[in-house]
Amino acid sequence: MIEKRYLQNIIVNDLKDKMVFIGGPKQVGKTTLAKQIGKNDYKEYIYMNWDYKEDRKLLLSGKYRGGSDLVIFDEIHKYSKCKNFIKGEFDKHNEDFNILVTGSARLNVYKKGGDSMMGRYYYYRLHPFSLSEVLGNLNNTKPFDKLKFKNNESKSLIYDLLKYGGFPEPFLSKDERKMRRFQSQRIDTTIKEDIRDLELVRDISNIQVLVELLPDKVGSLLSLNSLREDLEVSHRSVSNWMDILERFYYHYRIYPYANKYIKSIKKEPKMYLWDWVLVEDLSARFENLMASHILKFVHYMYDFEGYKTGLYFIRDNKGREVDFLVTVNKRPWFMVEVKLNDTDISKNLYYFQEKLKIPFSYQVVLDQNIDYLKDNVRVISADKFLTALV
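In this report, we go over the structure that sits alongside the text. (Residues numbered from 1 in each chain as written. Predicted model: local features only at pLDDT ≥ 70, side-chain atom pairs only at ≥ 80, totals over all residues. Heavy atoms only, no water.)

1. As for the pairing of strand β2 (residues 45–49)
By the criterion of burial, β2 is predominantly enclosed, with 4 of the 5 residues buried. As defined by bridge partners, β2 adjoins strand β3 (residues 70–74) across 5 bridges and the pair is classed as parallel. When the sheet's bridge partners are listed, Tyr47 is paired in β3 with Ile72. This β-α-β element, β2 to helix α3 (residues 53–61) to β3, shows right-handed connectivity. (Buried < 20%, exposed > 50% of the residue type's maximum accessible area, 1.4 Å probe, protein only. Helix = DSSP H or I, 4+ residues; strand = E, 2+ residues; numbered from the N terminus. Pairing = 2+ DSSP bridges. Right-handed = clockwise from strand over helix to strand, strands pointing away.)

Take a look at the structure:
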């Protein structure tokens, strides 16, 4: 049993200075984490959910606090005046109680909405379980360090993650029927309630069709024109729907790395799902799992450590490609090529390693117990590689 989420101690410490916002997919464990913090680290806390009528009344009346030293606002982003409300509560009461805000969408709007919230909060993106988190590994890697791997017995764990995903409910239950029901309910609620309530979308049914199409697009260059033709709608519509689904943590996109030393493609991203179990093809699902683990690491380094990390893929106009590149301040740190069982080192790793002067290169393999270095490329099993992340 996982006793603490990977962000718990960090958030408790940050709450001493500022508000903390926790964003992330629906059912990823934000509310559970927030309540666990209240229960374990505060004498008294109060949990207020904007979706509950009585809580809304108390919030608007200002009569909700009592003697609480932590106030948790859940789904408060659904309140049209939430930004001014939260700012006012913090400015007036920051010495009386701490504020923790959770929500499954739009919390990052504060990062884009001017400077009225500047200096008042820390923002974290909570991710599903990863191999390193389940093992309880603590990461202290610094940019441009060599990744630090551990020799854990974790081969069965990566197959559990591939089969059940990283969302707490299906992963902990390890019940396929419960997993299928969880997936259906999470997607239906996201589309029919959350998106409908917060976005001006007339045709919810087309978004439902789009959601069914996207798992087959994982790992490939994403063409909005192709999606537009499949749905028989305008480019503007499908682009808008993709942005909405991304804001609600159904999928995320990574973009090609641009550098003067390679003639890279400039526009089309790759797309991956937050719940990689929705991807039926094993090779694509494994690539998605790897993408999500690396993204979790990149977000952790950005949100907590403050480094300007980025996740890209590399592809030039000759079709040479490497699956993932992690950067700091746009400088390459390490790249990763993902294979199910192919241990023959990809020539593209050597090519881009030389062209871009990338310090560390890895070929990560699922179905092999392997770890060796050849010409500065490390071929390593996925269960060992992932112990170096978050």
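2. Some words on the nonpolar core
Core analysis: the largest hydrophobic core is formed by 120 residues, its most contacted members being Met290 and Phe385. Among the elements that take part in this core, helix α12 (residues 282–303) stands out by supplying 11 residues, more than any other. What Met290 contacts, discounting residues up to four positions off in sequence, is Phe324, Val336, Val338, Val364, Ala382, Phe385 and Leu386. (Core = buried A, V, L, I, M, F, W, Y, C linked by side-chain atoms within 4.5 Å. Contact = heavy atoms within 4.5 Å.)

3. Some thoughts on the packing of helix α10 (residues 224–231) against helix α11 (residues 235–247)
Contact pair α10 / α11: the axes reach a minimum separation of 9 Å and the direction vectors enclose 110 degrees. Put simply, α10 runs roughly perpendicular to α11. Here α10 contributes Leu224, Asn225, Leu227, Arg228 and Leu231 to the contact with α11, which in turn contributes His235, Val238, Ser239, Trp241 and Met242. Across the contact of α10 with α11, the residue classes break down as 6 nonpolar, 3 polar and 1 charged. (Axes fitted to C-alpha atoms, helices over the stretch in contact; angles between N-to-C directions. Parallel < 35°, antiparallel > 145°, perpendicular 65-115°, else oblique. Nonpolar A, V, L, I, M, F, W, Y, C, P; charged D, E, K, R; others polar.)

4. A short note on the sheet that holds strand β13 (residues 377–381)
Taken in spatial order, the 8 strands of this open sheet run β7-β6-β8-β9-β10-β11-β13-β12, and their pairing is mixed. Strand pairing shows two members of the sheet lacking a second neighbour, β7 (270–273) and β12 (371–374), which therefore form its edges. In this sheet, neighbouring strand axes are inclined to one another by 30 degrees on average, regardless of whether the strands run parallel or antiparallel. In this structure, strand β9 (residues 321–328) lies alongside strand β10 (residues 331–339), joined through 5 bridges in antiparallel fashion. Paired with Phe324 across the strands is Val336, a residue of β10.

5. Concerning the side chain of Ser292
Assignment of secondary structure puts Ser292 in helix α12. Setting aside chain neighbours within four positions, we find Ser292 in contact with His127, Tyr252, Leu273 and Trp276.

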